[in-house]
Amino acid sequence: MPVPLDYTRRTLDDIRAGSPEHVETLFTDLRADFDAAAAAVDTAGAWKSLRDAWLGRKSGILSAITDNWLKPAPPELKRAVGAALNQIKAHVEAVIEERRLAVEASADQLALAAERTDLSLPGVARPIGTRHILRQTMDDFERIFLSLGYSVAQGPEIETPYYNFEALNIPETHPARDTMDTFYLDLPPGALTQYLLRTHTSPVQVRTMEKQQPPVRIIVPGKVYRRDNPDSTHSYMFHQVEGLAVDTDITFCEFKGTIEYFIREFFGPKVKTRFRPSYFPFTEPSAEVDASCIFCDGAGCRICKYSGWIELFGSGMVDPAVYGFVNYDAKKLCGFAFGLGVDRFAMLKYGIDDIQLFFQNDVRFLRQFS
Ligand code: PHE
């Protein structure tokens, strides 16, 4: 800290030579020096330097003045110097205390300002994802069938040939096995059971009937796998929803009525349904369900190949042979089953022309279905 006044012997000589008025001027200048230094103090460090410079016992300015001005002052000036020194001492002490409080308060203010949270700032908007369009489609199926009293069942994606084929009346040599090109898992050395990735959700029919006595009304949404080459309508993993109803009094009529209701709920009230004879080893009779073309209302267009109809899924009355595998009484029970491709339904409903889009997870695609 610079000390502009010379508080040394030369100043004492000044005092000696001067009058009480001169003493007063000296002390006025001293006070102005101090006030300027004190006003500049704005941090705890500067405050400490100020205190040490002015009040330090050994080398402080006020000690120097006591030693150099007061003690050697001639008797006629001693009183004036002493009084002025007392005044400035009181002033310095008071101001230094005052500055201490001010510096501490502003430090607190700074700390508070730094910690301050502006509650009026808008929050950080985090992007929210949407349910995948396939999930939305499956939710739709669940909503419709839950309203008909069905419940949702699930089963493993890694299956045994027994559940995927045999118990569904597809024996080893049956040609139907060829139509579902299957992923088999590598057999660990010494393993007795062959595992595969299920090619349809139908094995969950068998698993459910093994555990549960009729009446059974379930739908089974889930992933299925086939060794198909990927293109715009094929994927080696896709989604099915299986349906199964078994009870003592189920008729072909209930079967048709349920399917028709479901198709109208899903595609809209104008859509007509058609049942075409078909074949599945686990249903008899079997039917392929068609809907009137949702793109041209049945008038005929490129998408329905000018037939007015679009093929939707396979279904049928449960083949009594299947009941034999789950110890159901085939003479007393009756039921129907169906298995539909979720991906295909979503493509038809939302006009999507490439199944691969579902699995590429391009947000520009996914966002269109939020
Ligand atoms: N599981 C058959 C398939 O994937 C569909 C189906 C299910 C047909 C139930 C009839 C009854 O092709």
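On a predicted model such as this, the values are computed, not experimentally measured, just so you know. (Residues numbered from 1 in each chain as written. Predicted model: local features only at pLDDT ≥ 70, side-chain atom pairs only at ≥ 80, totals over all residues. Heavy atoms only, no water.)

Engineer: Explain the overall build of the chain to me, please; I cannot follow it from the model alone.
Structural biologist: Each helix and strand counted, the chain has 14 helices and nine strands in total. For 370 residues, the compact-globule formula gives about 21 Å, and the C-alpha radius of gyration of the chain, at 48 Å, lies well above that figure. The proportion of buried residues among the 370 residues of the chain is 43%. If you take every contact in the chain between residues at least 6 apart in sequence, the share linking residues at least 24 apart comes to 67%. As presented, the chain carries roughly 20600 Å² of accessible surface, and 53% of it is formed by carbon and sulfur atoms. Of the charged side chains in the chain, 41 are positive and 49 negative, and the gap between their average positions amounts to 2 Å. (Helix = DSSP H or I, 4+ residues; strand = E, 2+ residues; numbered from the N terminus. Rg over C-alpha atoms; globule rule 2.2 N^0.38 Å. Buried < 20%, exposed > 50% of the residue type's maximum accessible area, 1.4 Å probe, protein only. Contact = heavy atoms within 4.5 Å. Areas by Shrake-Rupley, 256 points an atom, 1.4 Å probe, with all protein chains shown as cover. Lys, Arg positive; Asp, Glu negative; His and termini not counted. Charge placed at Lys NZ, Arg CZ, Asp CG, Glu CD.)

Engineer: Explanation requested: the packing of aromatic side chains in the structure shown.
Structural biologist: For any pair of aromatic rings, the description consists of the separation of the ring centres together with the inter-plane angle of the planes. Summed over all chains, the structure comprises 29 aromatic pairs. An aromatic cluster is defined as three or more aromatic residues linked by ring pairs; in this entry it consists of Phe141, Phe145, Tyr150, Phe262, Phe266, Phe267, Phe313, Phe338 and Phe345. When the ring centre of Tyr163 is taken as reference, the NZ or CZ atom of Arg207 above it lies at 3.9 Å. Positioned over the ring face of Phe266 is Lys349, at 4.2 Å from the centre of the ring. (Phe/Tyr/Trp six-rings, centres within 6.5 Å; stacked < 30°, edge-to-face > 60°. Lys NZ or Arg CZ within 6 Å of the ring centre and 35° of its normal.)

Engineer: Mind showing me how you'd approach the site of the ligand here?
Structural biologist: Lining the immediate surroundings of the ligand are 14 residues, of which His200, Ser202, Arg226, Gln240 and Gly339 lie closest. Separating a nitrogen atom of the ligand from a side-chain N or O atom of His200 is a distance of 2.9 Å. The side chain of Gln240 places a nitrogen or oxygen atom 2.9 Å from an oxygen atom of the ligand. Its free accessible area being 330 Å², the ligand has 91% of it covered by the protein chains. Mapped by element, the contributors of at least two residues to the shell around the ligand are strand E5 (237-247), strand E8 (309-318) and strand E9 (334-341). (Near = heavy atom within 4 Å. Polar contact = N/O pair within 3.5 Å; in protein donor to acceptor, adjacent residues only side chain to side chain.)

Engineer: I tried to follow the pattern of salt bridges on my own but got confused; where do I start?
Structural biologist: Any two side chains of opposite charge can pair if their charged atoms end up close together. With the rule as written, the count across this model stands at 19 salt bridges. With a shortest N-O distance of 3.1 Å, Arg135 and Glu142 are connected by a salt bridge. Given the relative accessible area of 33%, Arg135 is considered partly exposed. The buried category is assigned to Glu142, whose relative accessible area is 16%. One salt bridge in this structure joins Asp297 and Lys270, with 3.4 Å as the shortest N-O distance. Taken as a pair, Asp297 in the loop between strand E7 (283-292) and E8 and Lys270 in the loop between helix H10 (252-267) and strand E6 (273-280) lie far apart in primary sequence, 27 residues in all. (Salt bridge = Lys/Arg side-chain N within 4 Å of Asp/Glu carboxyl O.)

Engineer: Sorry if this is basic, but what is going on with the sheet that holds strand E4 (residues 216-225) here?
Structural biologist: Strand pairing in a sheet relies on backbone hydrogen bonds, with the paired strands running either antiparallel or parallel. Spatial ordering of the open sheet is given by E1-E4-E5-E9-E8-E7-E6, a layout of seven strands whose pairing is mixed. Each having just a single partner strand, strand E1 (151-152) and E6 make up the two edges of the open sheet. Here E7 runs beside E8; their pairing, made up of eight bridges, is antiparallel. The residue bridging Ser286 from the neighbouring strand is Gly316, located in E8. Lying on the sheet, H10 is in contact with E4, E6, E7, E8 and E9; it crosses E8 at an angle near 145 degrees. Each of E5, E8 and E9 is contacted by helix H12 (residues 342-350), which is oriented at about 145 degrees to E8, the strand it contacts most. (Pairing = 2+ DSSP bridges. Axes fitted to C-alpha atoms, helices over the stretch in contact; angles between N-to-C directions.)

Everything listed here is a matter of coordinates, which is why it stays silent on function.
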